[in-house]
Structure formats: structure tokens, C-alpha cells
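Chain by chain, the residues:
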Amino acid sequence: MYILKLYILAGHSTSDVALNNIRRLCDTRLEGQYRLDVIDLATQPEIAEQERIYMTPVLVKVSPLPARRIIGDLSETKRVLQGLGLHDDGK
Amino acid sequence: MTMASKVDVGIPGFDHISLGGLPTNQTTLVAGIAGSGKTIFIAQFLATGIQAGGAGVFVTFEEPPANLRENLMNFGWNISAWEKENRWRFVDVSTSVRDEEEIIAGNFDFDVLYTRIKHAVDQTQADRVGIDSLSALLYAFRDDRMIRNRLRRLILKLKGLGLTLIITAERDGESVSNSTFGFEEFVTDNVVLLRNTLENEKRRRTIEIFKYRSSQHYNGKYPFVIEDGRGMMVIPLVGTHQHKSSSERVTSGNTQLDDILNGGLYRDSITLASGASGTGKTLLCTEFVSGGVAKNDRCVIFSFEESLPQLLRNANGWGYDYQQMIDNDLLQIHSAFPETKSIEDHYTHIQRTVEAFEPKRVVIDSLSALARIASEDGFREFVIAVSSYLKMKGITGLMTATTSRLMGLSTITESNISTLTDVIILLRYIEIDNAVGRGILVLKMRGSEHAKKLYRFHINDQGMTISAPFDNVTDVLS
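So, a few notes on the structure that sits alongside this text. Note that the structure is a prediction, hence the values are computed from the model and not measured.

Considerations on the overall build of chain B
Consideration 1: Tallying secondary structure elements over chain B gives 14 helices and 23 strands in all.
Consideration 2: Within the span of chain B, comprising 478 residues, buried residues form 56% of the whole.
Consideration 3: Pairs at least 24 apart in sequence give 70% of the contacts found in chain B among residues at least 6 apart.
Consideration 4: When the accessible surface of chain B is split by element, carbon and sulfur atoms take 46% of a total near 20,200 Å².

Here it is as C-alpha cells:
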């Protein structure tokens, strides 16, 4: 079961791109075996402070371990898969 | 051009060279090599704002807040207390946070940092923000071609907050070229350089205002010190031209010398007495001090040649009771080996002593002893700084030197020290017809006629007695 948190600043183009990318990836590769929380740091800056986030967008893989932070709009799919611990099967 | 309003950084001496502080609501880059004092500069700037009733935000990219709280406590800044009062906020971007592995997988920016900083500013109503340092980020992303654009964007957004912002940057070395920073493309309004160099095996810290947008400042490098319990302090070498010259005359302590000086010394004058060991400098100082005390002038002696017991004994030998003067709160004697401190620290010690005791006369015996521990520049700056400071305070100063050459400078009369020295007195052994006598010559006296002859003098248990001039003596200046 993947637990993912996507931290964005709503309104940024990179945020929309990241959202699209992660949703597509979750649908195709994780098939329901995931939970994705989207947190808008623009409205909750104290979370940015708490989680020590200094770049956005950032996707945090909370589970399964190890914890990882994947930074950027997630358009580099290979890297995203690597970060999530999934194999790139060329799709 | 109107003068920009300024913000007090809280570093003594900096307001001198910056003519009032940092321009309000502008961004200043403070650059320097590792260990040059950048973090302290920012912390002092924020602490000063808090002590004046404001609040500050410290964005740290390198040192974790716990380390900073501990280290900066050394300077008397109780950051934890201020945090509890919501006057100080850290925005923690230090390396210790990055426990999890990070992978870059697309386009990103640092706008969330702006969000965090703005949040901290809003929560505390801060008017001062310090960022220490951007170099950490530049280095971490050194392979990223877009990094500069992203940082530039962040800084531009921060400028929009309309507060006074200081950003630090680390330089690799001390070369002057601007490109060493790599920050030319960033829109900073002002640049301050902190240097920490080794000159003849002596450490020398200097600060220089490199660029000030639409605002005046003094050029050049100024020495500074970092003191426990206080922080940074710049030693300004300017200010004498701002005070009015006194026409009040005071006694040198010796009535014959006062005659030669045509009435005594000017109250705010600086006198340099030069002569080899044994020529009578200590006696001259003793009479200067005692003459002053007799008129209720408080005096301080900074002695780098003799110990307190020696000075008391010498003075007693001539009938002057220093101990009584000390007991009457009219005299302080500070005796130390020059090697105990850096020359900048000796300066600050002198300044603090004068601030606390408020003397009318100050003796420094001798400059030559202090010259041993400083680089040429450091020593020259010390003499200029002390002379300027004493003049500004309207204090009558007497400094001694054991030779007419000070530290590789050309003779006293030729060096630029002489512009701040009002009176030069030479004490010499004179050989005449196989006998050795003593001679005293007033070489220079600014603002007054003086008798320009070499006078014979004697020393006995009454002190110094000056009598008739020598005839036929030619070579006394060596």
C-alpha cells in the first residue's frame, strides 16, 4: 500500500503538471493500492515549516519505506519510478 | 539626492562608515570566506532590531537552529527567549533536515521558501530578515543550470515584502574580483565584504562597503573585532574632521616645558614623545600625569613597557605618589604585555576604559611595544584610530615611541601619523666634548609658535629640570 503526499503551491503551473503526472502514474502503476494526499502549502505554510520543505512540487513517499522525496513536476517518469521503487517497463 | 532612511545594524562603528546604517527596505549581500563573521553580522542585525522592540527572521541554510542558539549565546543574544516571545523565528533549511533521499524528477522552484519566510514574517511582524547563506544552496545545486534563475526569483519575491534583508554568501578566496561571488545577476542593492586575512602571520579582520546603491558611505577597508558578550565592532578611522579644535591650554606637567610650548599643550592635542630607552620618556609621562591630576584631570596610563609596581616605584622616586592618585579616583593604570591581545582588541580595551572612566588625559607607553604585535597596516590603523578617538573626546593624549622610526614607516615626521599628532617632542642623549648630556626638542607644535631649540635638561629626584639651550649641536634628529 503506497502512501504518498504531494506538496504543492496551488496556482503554479508546475503544481498542475505534477498533479497530472502523479495521478496518471498512480492509475496505471499502482491500481488502487495507494493513498495520495495533496497538500497546498500556500494555504498551510506551517506544514511547509514542519516538514522542512524548501522546493515544490515535492512528492513524499511515506510508505513503503524507505522514505523518499521526489522533487519537481514529476515529468521525468524514469526518475519518479526509481524513487517509488518501481521498475520502468517501458510503458 | 535625498538621503535614504537608514536602519541601525547595531554594530558599533558600522554606522560611521555607512553613514547611518543599511538603507531601509533594501537588500544587502554580506560576502566573505568561511569564518569571516557573516553569521554574526546577520545575528547582530536581527538582535539589534529585537532589542529596539522589533522582530526578526533568521533563515538558515547551513547551521541547524540548535547550534545557532548555542553559539550565538556567546554574544549575549538569548535567542530561545526571543523565540518564546515570538520576536525571533528560524526558518530551518539546514542540511540536517535532509534525512530522506532526494531525487529530482522535473521542474521545481524555491517559491515555498518565500511562503515559509512570509509566514514567519507575518507571525512575528518582523521588519528584518537574514538569510545565511545562499551559497549552500548554490553549491548543492551546482550542476543545475537553472539554479541561479530560481534563486533570483526567490530574492525578487522577498524584496517585495518591503523589509530590510541581508543575505550572506561565501567566497572561495580573498580576491577582489566581483565574479568570485557569482552573484552579479542577483539584484542586491548593497554589498559588504568581510575579510579575514593573514598578514605577516597576524590575523586581520576587515570590513568594506563595496557597493551602496544610491547612498553614500566611506570607502576602503576598516578593521573590526569580534568580542565575546558583544559581537562585532568596527574600528572607524574617520571622524576627527568633525570636531572643533580646542583653544584651551593645559599644563604638560613641567613649567619650563610649558614655556617652551608657549603656554602649555592644547586640551585636545596628541603629543608624541620619542627617545631611546633612558632618555626621560617615563619621567615626561609621570609629570604629564601628575600635572594633570594636580588640576583634577583624571588620567589613564596604558603601559606596555612596565608593570604597575615598577611605575609606582619610578614615580615615587621623583616624589609623585601614584597610589594616592589611584585612591583618589584620579588615576587608573592598565599594564599589560602587548602579546596578550590583538592590536584591535587593545584598541577596544582603551576605548572601553575611556568610556567608563572618562579621563581628561591618556598616556600610551609605548607605541613601539605595540608595533611589535601588529602588521604595518594594523599598527598604522591603531594609531590613527586611537588618536582620532582621543581627539573626538577632547582628551589630551601623550604617546611614546622608543625610536624615530615606527615599524618600517619612515621617520615620525614623514609618516601620515604626523597629521594627527599635534606635538612631537624628541628626547636625546647629546654628546658634547666627551660628556653626555640630555636634550629635549619640541620638533613640531601645531597651531602655536614654539621655541625651536634643543634644550639641555637634567633629571634628579625633583624630576625634570629644563635649562638653557645647547649651542652648536647639529645632528639631533637621528
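There's more to say after this.
Focus: the interface of chain A and chain B
Consideration 1: Of the residues lining the interface, 29 residues belong to chain A; the matching set on chain B comes to 26 residues.
Consideration 2: Overall, the association of chain A and chain B removes approximately 2,500 Å² of surface from exposure, summing both partners, and the carbon and sulfur fraction of that is 57%.
Consideration 3: On the chain A side of the interface with chain B, the three residues burying the most area are A:Glu49, A:Arg52 and A:Tyr54, jointly 30% of the side's total.
Consideration 4: There are 2 salt bridges connecting chain A and chain B.
Consideration 5: A salt bridge links A:Arg52 to B:Asp92; the nearest nitrogen and oxygen atoms lie 3.0 Å apart.
Consideration 6: Within the residue set of the side of chain A that touches chain B, elements represented by two or more residues are helix H2 (45-50), strand S4 (68-71) and helix H3 (77-84) of chain A.

Quick look at helix H3 (residues 65-73) of chain B
All names here are of chain B.
Consideration 1: What H3 keeps buried is the set Pro65, Leu68 and Leu72. Seen end-on, H3 carries its buried residues on one side only, within an arc spanning 55 degrees.
Consideration 2: Looking at the packing, one finds that the buried side of H3 touches helix H2 (38-51), strand S4 (56-60), helix H4 (79-84) and strand S5 (88-92).

Structural notes on the pairing of strand S11 (residues 221-227) of chain B
The side chains of a regular strand alternate, residue by residue, between the two faces of the sheet.
All names here are of chain B.
Consideration 1: Summarising burial for S11: 5 of the 7 residues are buried, a large majority.
Consideration 2: Bridge count between S11 and strand S12 (residues 231-234): 4 bridges; the pairing is antiparallel. Paired with Phe224 across the two strands is Val234, which belongs to S12.

About the criteria used
Within any chain, residue numbers begin from 1 and follow the written order of that chain's sequence. Each chain is given a letter, starting from A, and each ligand a number, starting from 1, according to the order in which they appear as written. A pLDDT threshold of at least 70 governs which residues receive local features in this predicted model, and a stricter bar of 80 or more applies before side-chain atom pairs are shown or counted, although totals over entire chains, interfaces and linings include all residues. The basis for every side-chain value is the complete set of heavy atoms in the structure, and neither hydrogens nor water enter the calculation. In DSSP terms, a helix is any run of H or I states spanning at least four residues, a strand is any run of E spanning at least two, and both are numbered starting from the N terminus. A simple rule labels every residue: compare its accessible area, found with a 1.4 Å probe on the protein chains alone, to the largest value its type can have, and call it buried under 20%, exposed over 50%, or partly exposed in between. Any two residues having at least one pair of non-hydrogen atoms within 4.5 Å are treated as being in contact. Accessibility throughout is a Shrake-Rupley quantity obtained with a 1.4 Å probe, and a residue counts as covered only by protein chains that appear here. Throughout, the accessible surface (probe 1.4 Å) given up by two parts as they are put together, summed over both, is called the buried area. Put simply, a salt bridge is a Lys or Arg side-chain nitrogen that is within 4 Å of an Asp or Glu carboxyl oxygen. Think of it as the arc spanned by the lines of direction from the helix axis to the C-beta atoms. Think of it this way: DSSP has to see at least two bridges between two strands before they count as a pair.

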